[in-house]
Amino acid sequence: MNELKAAFPKTIPVMFGYVFLGMTYGVLMVTHGFPIWLPVLTASIIYTGSMEFLMTDILLSSFHPFSAFMTALMIGARHLFYGLAMLKKYHGAKGYKFYLIYTTSDETFAVNYDAYVPPTLNRYRFYFFVSLLDQLYWITGCALGAFFGSLISFNTEGLSFVMTAMFVSIFMSQWLKDGDRLKKQGSYCFKDYVIIHGPQLLGLAGSLICLILFGPDRFIVPAMMTILVFLLLFRRRYEEDPV
């Protein structure tokens, strides 16, 4: 259980974020007329916060399975990048691998990707406990939100914006973290700055160009594909320390 003790402190920030987001989702579901158990079930099976928020509108709309499938595919496409980044870390995970893949959410990816695992610990078990704890936080938050949402009623307008705020905070956190790496290096040039912030700059540029070319309703898939192609092209550069 040493791995669990080492993993828990790393997940505390995720706990506060996931419990709050999960409660928001639980409240949103039950205030739209869904049974109290449904948010908990979807939190356990789907386990992808952004898609679960959209599930509320999908379940309330007309039955369009292809549209629901394409929406889920577009929303989940960002996980392609997580998988590429975790190839080395999860290589050799054996029995843990399927669960690690299944539970690689945005925050779990961030924790496991940057975590230092002491050589005295089993790193795959450490990754497993980080993933398990994060999922339990999310399910707990959804259950609490569903329970309290069934007891009280209030205006939920604007709650879905919490996902946009979460992604912005993740982006800024990674940007600042990469900036700190440059500062620790000491002297650096403009080329080093562009290289270390390359993935973020690529994401911004690719999204902006596709937004201009395809419009706000159709830019997500082309932007995802553009970013994926360029990350694959420059994969070897970022497999090692980019600076």
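See the structure above.
Now for a look at the structure at hand.

Procedures and definitions
Residues numbered from 1 in each chain as written. Predicted model: local features only at pLDDT ≥ 70, side-chain atom pairs only at ≥ 80, totals over all residues. Heavy atoms only, no water. Helix = DSSP H or I, 4+ residues; strand = E, 2+ residues; numbered from the N terminus. Buried < 20%, exposed > 50% of the residue type's maximum accessible area, 1.4 Å probe, protein only. Contact = heavy atoms within 4.5 Å. Areas by Shrake-Rupley, 256 points an atom, 1.4 Å probe, with all protein chains shown as cover. Polar contact = N/O pair within 3.5 Å; in protein donor to acceptor, adjacent residues only side chain to side chain. Core = buried A, V, L, I, M, F, W, Y, C linked by side-chain atoms within 4.5 Å. Axes fitted to C-alpha atoms, helices over the stretch in contact; angles between N-to-C directions. Left-handed = near helix turned anticlockwise from the far one by under 90°. Nonpolar A, V, L, I, M, F, W, Y, C, P; charged D, E, K, R; others polar. Phe/Tyr/Trp six-rings, centres within 6.5 Å; stacked < 30°, edge-to-face > 60°. Lys NZ or Arg CZ within 6 Å of the ring centre and 35° of its normal. Parallel < 35°, antiparallel > 145°, perpendicular 65-115°, else oblique. Arc of directions from axis to C-beta.

Moving on, we get to the overall build of the protein. Along its length, the protein carries 14 helices and zero strands. In the protein, the order of α-helices and β-strands from amino to carboxyl end is α-α-α-α-α-α-α-α-α-α-α-α-α-α. Among the 243 residues that make up the protein, the fraction classed as buried is 37%. Restricting to contacts in the protein with at least 6 residues of sequence separation, those with at least 24 account for 76%. As displayed, the protein has an accessible area near 14400 Å², and 70% of this comes from carbon and sulfur atoms.

Residue placement: K89 occurs in helix α6 (residues 87-90). Considered as a pair, K89 and R123 are 34 residues apart in the sequence and their alpha carbons are 8.8 Å apart. Looking at K89, its side chain comes within polar contact range of the main-chain oxygen of Y113, at 3.3 Å.

This paragraph deals with the nonpolar core. Counting residues in hydrophobic clusters, the biggest one holds 32 residues, and the most contacted among them are Y18, Y25, F126, Y127 and W138. Of all the secondary-structure elements, those providing two or more residues to this core are α1 (2-31), α2 (37-45), α8 (106-114) and α9 (123-149).

Turning to the packing of helix α12 (residues 198-214) against helix α13 (residues 220-233), a few remarks are in order. What describes two packed helices is the angle between their axes and the distance between those same axes. Contact geometry of α12 with α13 gives a least axis separation of 8 Å together with a crossing angle of 145°. The way α12 lies across α13 gives a crossing that is right-handed. In contact with P199, L202, G203, G206, S207, C210 and F214 of α12, α13 contributes P222, A223, T226, I227, F230 and L231. Grouping the amino acids of the contact of α12 with α13 by side-chain chemistry returns nine nonpolar, four polar and no charged.

Let us look at the packing of aromatic side chains. Inspection of every chain in the model, using the stated rule, returns ten aromatic pairs. Taken together, the aromatic side chains of Y96, Y99, Y102, F128 and F129 make up a single cluster linked through ring pairs. The ring of Y113 carries K89 above its face, with NZ or CZ at 5.7 Å from the centroid.

With that settled, the discussion passes to the side chain of S105. Within the fold, S105 resides in the loop between α7 (97-102) and α8. In contact with S105, not counting residues within four places along its chain, are Y18, Y47, H79 and Y82.

Now for the packing of α2 against α9. One can describe the packing of α2 onto α9 by two numbers: an axis separation of 8 Å at closest approach and a directional angle of 165°. By the angle class used here, α2 and α9 are roughly antiparallel. Helix-helix and strand crossings are classified by hand; for α2 and α9 the assignment is right-handed. Residues P39, V40, A43 and S44 of α2 touch α9, and the partners they reach there are Q135, W138, I139, C142, A143 and A146. Of the residues belonging to the contact of α2 with α9, the class tally is eight nonpolar, two polar and no charged.

A few words now on the side chain of S131. Considering the arrangement of structural elements, one finds S131 in helix α9. Relative accessible area serves as the criterion here: at 0%, S131 is assigned to the buried category. Only 3.5 Å separates the side chain of S131 from the side chain of T103, close enough to count as a polar contact. Ignoring sequence-local partners within four residues, the contact set of S131 consists of Y47, Y99, L100, T103, T108 and N112.

What follows covers α2. Looking at α2, one finds that the buried residues are L38, P39, T42 and A43. The buried side chains of α2 occupy one side of the element, clustering within an arc of 135° when seen end-on. Opposite the buried face of α2, by more than 90 degrees, sit the exposed residues W37 and I45. Tucked inside the fold, the buried residues of α2 contact α1, α3 (49-60) and α9. One or two steps after α2, the chain reaches Y47, where phi turns positive at roughly 45°.

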